[in-house]
Amino acid sequence: MAPPVQSQRSPSPSQPSGKGEVSDLKLQLRQLAGSRAPGVDDSKRDLFKKVISYMTIGIDVSSVFGEMVMCSAASDIVLKKMCYLYVGNYAKVNPDLALLTINFLQRDCKDEDPMIRGLALRSLCSLRVANLVEYLVGPLGSGLKDRSSYVRTVAVMGVLKLYHISASTCIDADFPAILKNMMFNDSETQVVANCLSALQEIWSSEASTSEEASREREGLLSKTNVYYLLNRIKEFSEWAQCLVLELVAKYVPSEGSEIFDIMNLLEDRLQHANGAVVLATIKVFLQLTLSMTDVHQQVYERIKAPLLTLVSSGSPEQSYAVLSHLHLLVMRAPFIFSSDYKHFYCQYNEPSYVKKLKLEMLTAVANESNTYEIVTELCEYAANVDIPIARESIRAVGKIALQQYDVNAIVDRLLQFLEMEKDYVTAEALVLVKDLLRKYPQWSQDCIAVVGNISSKNVQEPKAKAALIWMLGEYSKDMHDAPYILESLIENWEEEHSAEVRLHLLTAVMKCFFKRPPETQKALGAALAAGLADFHQDVHDRALFYYRLLQYNVSVAEHVVDPPKQAVSVFADTQSSEIKDRIFDEFNSLSVVYQKPSYMFTDKEHRGPLEFSDEVGNISIGIESAGTVVPVQRVEANDKDLLLSTSEKEESRGPSNNGSVYSAPSYDASAVSAAASQTLLELAISNPTVSGHAPQPSLEIDDLLGLGLPVEPAPAPSPPPLKLNSKAALDPSTFQQKWRQLPISLSQEHSISPEGVAGLTAPQALLRHMQGHSIHCIASGGQSPNFKFFFFAQKAEESSTFLVECIINTSSAKAQMKIKADDQSLSEAFSALFQSALSKFGLL
Amino acid sequence: MLQCIFLLSDSGEVMLEKQLSGHRVDRSICAWFWEQVIAQGDSFKLQPVIASPTHYLFQVVREGITFLACTQVDMPPLMGIEFLCRVADVLSDYLGGLNEDVIKDNFVIVYELLDEMIDNGFPLTTEPNILREMIARPNIVSKMLSVVTGNSSNVTETLPGATASCVPWRTTDPKYANNEVYVDLVEEMDATINRDGVLVKCEIYGEVQVNSHLSGLPDLTLSFANPSIFDDVRFHPCVRFRPWESHQILSFVPPDGQFKLMSYRVKKLKSTPIYVKPQLTSGAGTCNVSVLVGIRNDPGKIIDSITVQFQLPACILSADLTSNHGTVNILANKTCSWSIGRIPRDKAPSMTGTLVLETGIERLHVFPTFQVSFRIMGVALSGLQIDKLDLKNLPNRPYKGFRALTQAGEFEVRS
């Protein structure tokens, strides 16, 4: 396993000390160039080898270019190969000298030996010197007609290389048409495959300028072409099969029976020894059956075994790539691997990147039937030698606990972790217990008994310390020592380096004060004083804020800092399903490994030439390509940039709440500094987006507290008539964030009237009309017949927001609406308002 | 597709660079990459697919050599990784192993091979049989010859005939005086036994390896007595799928020489041939270890080369371990290896001793995992049996040989 231990390697004897050696070489080569003595080839070979080895270790040997070319007029094929290698490396920087090589390369292109012809042609095309392209066309033309398939294979790739050096030369010589012809007629499949890959690349990049090329590009996906390739697929090399399969995955069959034909034809590809072929086939299967729910489920069953084999039989690197895909699949269909969870048990020798993915898989496949076994297994990893993995596995236990209904056994395990007396285990477990309590407050008695026994001196990690302090504050009523522990922590204020911990300390001591005033008063005073003197802006501000709040009215302060809490039902940091859908569309690509859709990590210019479906799969909220976005209000950037910016925001926020899960209700992202959910409520008061209208401050506070909390008058039986705020404001990024976080509360489809369709010729009119009804448009786009609008509205006197996605298809005269709302109970009422507004426009 | 391939030594030195497309990739990417490796402490710990500021990188580590490929476009990740794995396999096959020196000595061959395996960033052929026909292997004999006669090229004279034939994996018309074919069942048992001694997972990964020296274009059929035991199978491209689907028969035209006909998985095995029972009790700064090994389920053949290995936790100062059978070695990297060999008839092998913990630590909190290895010749533990092998299209009766072998794969016992 481990490489042989090589102590200080002595510098290799061939390592040249300087320029002298190179000029020495030059001299020797020159002497050999003209010589015809026997054995000269052999000495040439040694010299060439030396030159190449210098080149390989990064020494510039371009100065011997002329001599190399002179020497290369030999018949020895190894010499030729070395010379081709050398020339290919330096031609680009020495275009003048490269001209010298053209002559002998062209001669070699006519050699008797097909291998030499092929190699020479390959080198000729790899020179990549723009002013030499004229010399390429001839040899390429005859190469494409060569009787040896090896030369044809090389020539087809040569055409692509030529295209990248000079597109016009390639098109003018009519090479694409020749390739197309070869693709359908050549007997050798490697030639066909190269034609396919070359044509894909050429036509995709031509498509933007030429109508014909874009038609040809579409033609590649035609039924005849796809079927032609599929029928020959078994003759293709494994790599070429991947190429064909990738193309087939984009093919949209016109009728259902085709789907089954294709799947039958490709079924045995799932048994292929090459993992890349298997995964490409799986992609085809999944894409083909997307619209057929039943078959799609059967596909999951069918691909399960091959995928598991790939995971367990390959090298760790292969397992890693496959596991990333499994993770995506299991997110969409959790049931598929739930009985095969043992495949994801970690093995001792595996690298940690594989173990990490396996832990994620174990978390994802856990359900009622297997939780016990999985948690037992995970608990064994907690004593693992590999500390990061031990931590991850404890987190995994916590995640499973948060997603399960029956948590009895898991809570016991977590509490056992707390008693394991290992600092990192305790730290992770504390964070988990905190999250658990926020979701299942009923466990507080059991947990607090154990947490109370933990000495705060043994907890050093800020995250864990913050969690412990949060619990001390939250459950100070039941924890006998709470005020005194907090007090001792406050005494050591100066030594506490983490601002997060200090912030939590302030909040906890406030909460403790409301519950047990006499015991805490002194500590509170000390904490506020220390906080006010703190150099950290957030800590200082929070201390000041608490201080003034207390000064204003103690009961209001209690209301703000320690309101009655509801158990958290869903934590907000789970990835949005739309992003997952998008990644799913890019199955078998890097997106899956990075868990991000490709537009989030690739520049447009670097996107693959095969990116056909850019416009089709665009699901996220801005939609439509940049050109068709109608700027409304403050939306000036196009959708992709918008999405990118929010995702960046999330990333930058990532480290601060990494590991522990916060429930961030749908406020502005700026509110999520480093605080737990209830502190968010406090901060929301200063949130600028909320204060659209500003009456008296005290009322405002009550109002805000009502938000999302049971204090609100229950609207369910007879909802009061809904009034919307006519001056509502929402910035696009907040909109996006909300759109991602909120569930769809209503989804409807209506047919629209012909007059309405006519009215849509000027979408602006609709937007103005809707604005008159206090429903604002944040983004719109689309071209006839498909229009897409994103609206939002806010409830008057309250910050409860409604978000609407409205897709109108004028040709089918249908309108689809998806409504999301902060307050689900109001969505019906809002929907009625929205529809009446639409019908007044004449749409419905 | 792929834009460049680098081969790095175990000290991060660029040993080889192969540019594949017009977009030249600067060597500085390797420096960036190596910084990441150092930050992780070990290239084995770095993820196989990473994004650098300019490129996406695929990396595969074999025997201390890092195979690094760069691309700027989205592509199937498994394709990049799988290709690099094949490159590593082919090189190690050609050069008889992988290490820094052997690559530096043979860099011309490596360049030649890469030239045929990938063009313009797209993999062409990685089939060792075909490559072997295009580029001859550097062997001792040809090296000697070239020294003596000064005239030997490592490029074969002709292009592979197979590139034009309809069975791309087979050379046209090899000729042998003695026609022979050997079929080996090679199985690996992966098992995990947890802290409570429960067998949580036990499965077999097996391969059917064939070594064929047959003239002409033979057509073979291989059938199993109990094909229903397979959970999943994967085939060499030469296997025809339909006969398998309908009758579970392997029908194929074999490549010439050694190849992997199929691989399979059999899961949910009920027991292991041997047991390993570690017991660790710690207190007052020391830890008592006792490990017992014995036969649980006699496979009917001799169990050979048994070794038990485990990593001593970092908090252990010294270890004193002895065994009543076999030898115990503690290596410099704190790995303890107990090689038992065969289990004697008269006694059960055991290893006992004490570990001294670092001062200040009362009890052991990190428990080692014991990795077990063994070999059993003559038996396939999955129970798989070959029924018969038929050969058609052959001039004379060939010799057929069958063997079976089971060894421990990832066989681990947690304590």
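Residues numbered from 1 in each chain as written. Chains lettered and ligands numbered in written order. Predicted model: local features only at pLDDT ≥ 70, side-chain atom pairs only at ≥ 80, totals over all residues. Heavy atoms only, no water.

Caption draft 1: Up close: the sheet that holds strand S17 (residues 316-323) of chain B. Residues and elements named next belong to chain B. A sheet is described by the order of its strands in space; here four strands give the open sequence S14-S15-S20-S17, paired in antiparallel fashion. This sheet does not close on itself; its edge strands, each paired only once, are strand S14 (274-283) and S17. If you compare each strand with its neighbour and ignore which way they point, the axes differ by 15 degrees on average. Two strands pair when backbone bridges link them, and S14 and strand S15 (residues 286-295) are joined in this way by 10 bridges, in the antiparallel orientation. (Pairing = 2+ DSSP bridges. Helix = DSSP H or I, 4+ residues; strand = E, 2+ residues; numbered from the N terminus. Axes fitted to C-alpha atoms, helices over the stretch in contact; angles between N-to-C directions.)

Caption draft 2: Spatial organisation of the state of the cysteines. Residues and elements named next belong to chain B. In this structure the tally under the stated criterion is zero disulfides over all chains. Cysteine Cys-287 is unpaired, with the sulfur of Cys-315 as its nearest cysteine sulfur at 9.0 Å. Taking relative accessible area as the criterion, Cys-287 reaches 0% and is therefore assigned buried. (Disulfide = S-S within 2.5 Å. Buried < 20%, exposed > 50% of the residue type's maximum accessible area, 1.4 Å probe, protein only.)

Caption draft 3: Layout of the nonpolar core. Counting residues in each nonpolar core, the largest one holds 262 residues, and the members touching the most others are A:Tyr86, A:Leu326, A:Phe337 and B:Leu7. Of the residues forming this core, the biggest block, 12 residues, is contributed by helix H2 (residues 77-95) of chain B. With residues near it in sequence (within four places) discarded, A:Tyr86 still touches A:Val51, A:Ile52, A:Met55, A:Val61, A:Ser62, A:Val64, A:Phe65 and A:Met68. Judged by nonpolar contacts, the second largest core, of 64 residues, contains B:Ala191, B:Leu214, B:Ile340 and B:Val413. (Core = buried A, V, L, I, M, F, W, Y, C linked by side-chain atoms within 4.5 Å. Contact = heavy atoms within 4.5 Å.)

Caption draft 4: Molecular detail of the sheet that holds strand S2 (residues 14-19) of chain B. All names here are of chain B. Strand order in this open sheet of five strands is S2-S1-S5-S4-S3, and the pairing throughout is antiparallel. Two strands bound the open sheet, and with one partner strand each, they are S2 and strand S3 (49-51). If you compare each strand with its neighbour and ignore which way they point, the axes differ by 20 degrees on average. Examined bridge by bridge, S3 and strand S4 (residues 56-62) share three bridges and lie antiparallel to one another. For Val-49, the partnering residue across the bridge sits in S4 and is Phe-58. The sheet strands contacting H2 are strand S1 (4-8), S3, S4 and strand S5 (65-71), and the helix crosses S4 at an angle near 35 degrees.

Caption draft 5: Local environment of the confidence of the model for chain B. Residue and element names in this part refer to chain B. Residues of chain B with pLDDT of at least 70 account for 91%, and the chain-wide mean is 82. Averaged over each element, pLDDT in chain B is lowest for helix H6 (residues 140-148) (45) and highest for strand S21 (residues 369-377) (91). Below a pLDDT of 50 lies the segment residues 140-165, which in the model reaches 49 contacts outside its immediate sequence neighbourhood of four places, other chains included. (pLDDT = per-residue confidence, 0-100.)

Caption draft 6: Focus on the packing of helix H22 (residues 408-418) of chain A against helix H23 (residues 423-439) of chain A. All names here are of chain A. Where H22 contacts H23, the two axes come as close as 8 Å, and the packing angle between them is 145 degrees. When the axes of H22 and H23 are compared, the crossing they make is left-handed. Where H22 approaches H23, its residues Val-411, Leu-414, Leu-415, Phe-417 and Leu-418 are matched on the opposing element by Val-425, Thr-426, Ala-429, Leu-430, Leu-432, Val-433 and Leu-436. The class makeup of the residues in the contact of H22 with H23 is 11 nonpolar, one polar and no charged. (Left-handed = near helix turned anticlockwise from the far one by under 90°. Nonpolar A, V, L, I, M, F, W, Y, C, P; charged D, E, K, R; others polar.)

Caption draft 7: Molecular detail of the side chain of B:Asn179. All names here are of chain B. Tracing the backbone through its elements, the reader meets Asn-179 in the loop between H6 and strand S8 (180-193). Relative accessible area serves as the criterion here: at 5%, Asn-179 is assigned to the buried category. For Asn-179, the side chain forms a polar contact with the main-chain nitrogen of Ser-215, separated by 2.8 Å. With residues near it in sequence (within four places) discarded, Asn-179 still touches His-213, Leu-214, Ser-215, Pro-395, Asn-396, Pro-398 and Tyr-399. (Polar contact = N/O pair within 3.5 Å; in protein donor to acceptor, adjacent residues only side chain to side chain.)

Caption draft 8: Local environment of the interface of chain B and chain A. With 94 residues of chain B at the contact, the number on the chain A side is 102 residues. Approximately 8700 Å² of surface area, both sides summed, lies buried where chain B meets chain A, with 54% of it carried by carbon and sulfur atoms. Here chain B is connected to chain A by nine salt bridges. Its salt-bridge partner being A:Lys161, residue B:Asp119 comes within 3.0 Å of it at the nearest N-O pair. In this assembly, chain B and chain A are joined by 31 residue pairs in polar contact (both at pLDDT 80 or more). Looking at the side of chain B that touches chain A, the element that brings in the most residues is H2(B), giving eight residues. Grouping the amino acids of the side of chain B that touches chain A by side-chain chemistry returns 42 nonpolar, 18 polar and 34 charged. (Buried area = accessible area lost by both parts, 1.4 Å probe. Salt bridge = Lys/Arg side-chain N within 4 Å of Asp/Glu carboxyl O.)

Caption draft 9: Layout of the packing of helix H27 (residues 499-515) of chain A against helix H29 (residues 537-552) of chain A. Residues and elements named next belong to chain A. Between H27 and H29, the shortest axis-to-axis distance is 9 Å and the interhelical angle comes to 15 degrees. One way to sum up the angle between H27 and H29 is to call them roughly parallel. Pair H27 / H29 crosses with right-handed handedness. Taking contact as the criterion, the partners of Ala-499, Arg-502, Leu-503, Leu-506, Thr-507, Met-510, Phe-513 and Phe-514 in H27 are, on H29, Asp-538, Val-539, Arg-542, Ala-543, Tyr-546 and Leu-550. (Parallel < 35°, antiparallel > 145°, perpendicular 65-115°, else oblique.)

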